[in-house]
Amino acid sequence: MICFAWPGFPQYASRCIAAFVRKSQERVVVVATVPDVPVRGMEKIVGCPVVWVASDEYDNLLTRIGGIPRVLFCGGWAESAFYALRRSVRQTGGRVFALVDNNYDNSILQVVKKWRFRVFKRRVFDGYMVPGVSGVRLLQYYGVPSTHIETGLYSADDSIFHNGVALPSRGKRILFVGRFNSRKNILRMCQAFQIANHHFGCEWELLMCGCGPLKDQIPCDSRIIVRDFVQPEELSSLYRSSRALILPSLEEHWGLVVHEAVLSGCLLLLSEGIGSADDFLTSENGRAFSAKNVSVMSRAINWVMQLRDEELVKGQMSSLAVAKKASIGKFVEGIQRLLGNEASCSH
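This section reports on the structure supplied with the text. (Residues numbered from 1 in each chain as written. Predicted model: local features only at pLDDT ≥ 70, side-chain atom pairs only at ≥ 80, totals over all residues. Heavy atoms only, no water.)

**Observations concerning the pairing of strand β2 (residues 28-32)**
Part 1: With five of its five residues buried, β2 lies for the most part within the structure.
Part 2: Of the two faces of β2, both are covered, the one formed by V28, V30 and A32 as well as the one formed by V29 and V31.
Part 3: In this structure, strand β1 (residues 2-6) lies alongside β2, joined through five bridges in parallel fashion. Considered in β2, the bridge of C3 is made with V29.
Part 4: For the crossover from β1 across helix α1 (residues 11-23) to β2, the handedness is right-handed. (Buried < 20%, exposed > 50% of the residue type's maximum accessible area, 1.4 Å probe, protein only. Helix = DSSP H or I, 4+ residues; strand = E, 2+ residues; numbered from the N terminus. Pairing = 2+ DSSP bridges. Right-handed = clockwise from strand over helix to strand, strands pointing away.)

Here it is, written out as structure tokens:
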């Protein structure tokens, strides 16, 4: 049995695992905690049993999943249920691979994390799967050999998120998708948008899709449109009718919405805290900015607003090109390569 332990099991993960299930000759089971957003349909999509657990629940878990897995792909290192499952797999000689979405940053805290990893975690896992460039850099900094790292952990579904009409034919809309909370930095984003939009005659619209505790603090502005959480199938059409995605987070381990955006041909406005910027941001398709500097963020928004038609098309082509760096197929390939690597971590 192959088991995926996935915290806050999201719909995109169900689509990735479903593709692996179709390729696998072995039984696959998902153990998951419930996501904190109202996404639907994971059990129907994934094509294998899903066992929902509380983060601290372990009693009868092995019975519920049908025994001890031969292989465990484990996210959520802090989840006690997953920790106990990981220990059981290890004790019976099974292999455990870590799903890691943390991104590299050059800070003192990273030095502390490196020490903790080498002391407590480096011998726990047989290999690692990360989303992209930043995750590889982080684990190599921690001392993990490149032979034990695979990319492809995250991917949007290109059968849902795909290119639409040329950007000059789309409305003057910037899209935000995510939680309305302090980490997503949405209040500074709204302020920066209002400043930039004023310079362009208030012709642009900021469409915000999500939910969260700061919803009532979003400015009352006819050019800032707020929608509740949108299911992926409906969200895809909103990307295809927008010119750019903005993600101003103070910290974002990767940011799947960025992949959704480039698959849809959108330009990118990303804070410097976005992990997937290393994979998808180019000089032609977007700008990075300091998350805490409203003026700098506003200038980045200005950049999108003043682009000529030929520059919009060039940026769109750049987004579509880099979107190929991630895919559900690459997720399956990464999992298969880890399964084929019989060497255990000895670093």
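**Details of the pairing of β1**
Part 1: Of all five residues making up β1, five are buried, and the element is well covered by its neighbours.
Part 2: Here β1 shows no split at all, with I2, F4 and W6 on one side and C3 and A5 on the other all buried.
Part 3: Sheet topology note: the β1/strand β4 (residues 71-74) ladder contains four bridges and is parallel. Note on β4: the bridge partner recorded for A5 is C74.

**Thoughts on the packing of helix α7 (residues 186-199) against helix α11 (residues 294-305)**
Part 1: Their axes nearest at 8 Å, the elements α7 and α11 cross at an angle of 50 degrees. Classified by the angle their axes make, α7 and α11 are oblique. Like other packed secondary-structure pairs, α7 and α11 cross with a definite hand, here right-handed. Mapping the contact onto sequence places R188, M189, Q191, A192, F193, I195, A196, N197 and H199 in α7 and V294, M297, S298, I301, N302 and M305 in α11.
Part 2: Split into classes, the residues belonging to the contact of α7 with α11 amount to nine nonpolar, five polar and one charged. (Axes fitted to C-alpha atoms, helices over the stretch in contact; angles between N-to-C directions. Parallel < 35°, antiparallel > 145°, perpendicular 65-115°, else oblique. Left-handed = near helix turned anticlockwise from the far one by under 90°. Contact = heavy atoms within 4.5 Å. Nonpolar A, V, L, I, M, F, W, Y, C, P; charged D, E, K, R; others polar.)

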